[in-house]
Amino acid sequence: MTIVLILLIAVVMVASASATLVVTRRRHPGIELEPPPAPPAPPTTPTPPPPIEQAPEAPPEAEITPEQVAELEAALQEPEVAPAPEPPAPAPEAPPVRPRFRDRLGKARSLFAGYVGSVRSRGKINEETWEDIEEALIRADVGVDTTTALLDDLRTKVRTDHITEPEALLDALKADLIDRLGAQDGQRELRYDDTVTPNVWLFVGVNGVGKTTTIGKLGLRAKAEGHEVLMAAADTFRAAAADQLELWAKRVGADLVRGAEGGDPGAVVFDAKERAAARHTDLILADTAGRLHTKVNLMEELKKVRRVAERPPGQVTEVLLVIDATTGQNGLVQAKEFAAAVGVTGIVLTKLDGTAKGGIAVAIQTELGLPIKLVGLGEAPEDLVDFDEHEFVDALFG
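### What to know about the pattern of salt bridges
In the structure shown here, the tally under the stated rule is 23 salt bridges. A salt bridge links arginine 122 to glutamate 128, with the nearest nitrogen and oxygen atoms 3.3 Å apart. Assessed through its relative accessible area of 44%, glutamate 128 is described here as partly exposed. The closest approach of N and O atoms between glutamate 300 and lysine 303, which form a salt bridge, is 3.5 Å. A residue pair is termed a helical-turn pair when its members lie 3 or 4 positions apart in one helix, as glutamate 300 and lysine 303 do in helix H11 (residues 296-310) at three residues. The partly exposed category is assigned to glutamate 300, whose relative accessible area is 42%. Its relative accessible area of 29% is what places lysine 303 among the partly exposed residues. Among the charged side chains, a network of salt bridges with common partners joins Arg122, Glu128 and Asp132.

Next comes the structure, spelled out in structure tokens:
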């Protein structure tokens, strides 16, 4: 009982103190009392971690056969790339067409045609007919001497063959011209001796007639025929001539020997022969100086070049005189001078497609007996063609 009584008294005292405290706070609002401590949180039970899932057991490894290994290796290899199709080969170029005399001798034919037409228009052969033929031949650069010889032959044929028609007279004239322009078998061809190494072809003529260009064009032809070509720039007095020949040598694919400007032309030819022999080159095309043919020192110089070219190794097989057909009778004078100095073996008649009258060909071959081997009918390499007397005469008469 005593204990119970004491507890009751304690409870009454605590309650009284609490009421006094509440009244005090109401009377003094500025006084803050600490809040009673929060009751302790009930203990929480820790959440167990989720169970760890076990990986499924791998099936037992299967055995790999050698065939499967080969298939796997083939699959891992880089796929073969099909080669790109080759582009179609370009169509072969058509070979250059050889020009026809009839197409390129239009100017010479137009001069001759007027007189031929006049002769044909007459019903008979009379003195005017002979005058027309004579004037036609003279104006065509046939020359006085050759014209006189042609007329004498025609008059003889008229008497012996009883020719009375102008057309028959013109046919006889054509036959006579073809006969005078004809050459013996083999004379028209360029001489090449396959038992000699090297063959030397010398080109002579005055400046400006087309020697260097002729050499270049012949070099292309010789290369196409299978020859090994060397070009010798023996015109040491004009640097431009050697430069031009060097350009042709590059175009042809030929070797080139040139000397110092103003040097000895014979030394250039000698060096060219030595190099050709060492390299088994079978053909030398040698350019020479072309100062005025009336200069004695030039002719002596050409004789020296010819002597050097004749010495072993090799041999001179052609000496070609290049003549500009537009020079007319001056070409005949040149031919006489060069033929006497260096023994010309053939004529190259250039620029026949220009203002040339054509008759110089008849004069040269009639008076000198030198065969015309090549004629120039244009600027292209294929325009340097072999001379054909039948085609030439037919082109003049139309």
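### Brief notes about unusual backbone geometry
At the junction of threonine 197 and proline 198, the peptide bond is cis and its omega measures out at 0 degrees in the coordinates. Within the fold, proline 198 resides in the loop between helix H7 (166-181) and strand S1 (199-204). Of note, the amide linkage connecting proline 312 to proline 313 takes the cis form, showing an omega dihedral of 0 degrees. Following the sequence through the fold, proline 313 ends up in the loop between H11 and strand S5 (315-324). In this structure, aspartate 141 takes a positive phi of about 70 degrees despite not being glycine. Within the element layout of this structure, aspartate 141 appears in the loop between helix H5 (127-139) and helix H6 (144-160). At histidine 162, a residue that is not glycine, the phi angle is positive and equals roughly 55 degrees. Looking at the element boundaries, histidine 162 is found in the loop between H6 and H7.

So, how was this worked out
Residues numbered from 1 in each chain as written. Predicted model: local features only at pLDDT ≥ 70, side-chain atom pairs only at ≥ 80, totals over all residues. Heavy atoms only, no water. Salt bridge = Lys/Arg side-chain N within 4 Å of Asp/Glu carboxyl O. Buried < 20%, exposed > 50% of the residue type's maximum accessible area, 1.4 Å probe, protein only. Helix = DSSP H or I, 4+ residues; strand = E, 2+ residues; numbered from the N terminus.

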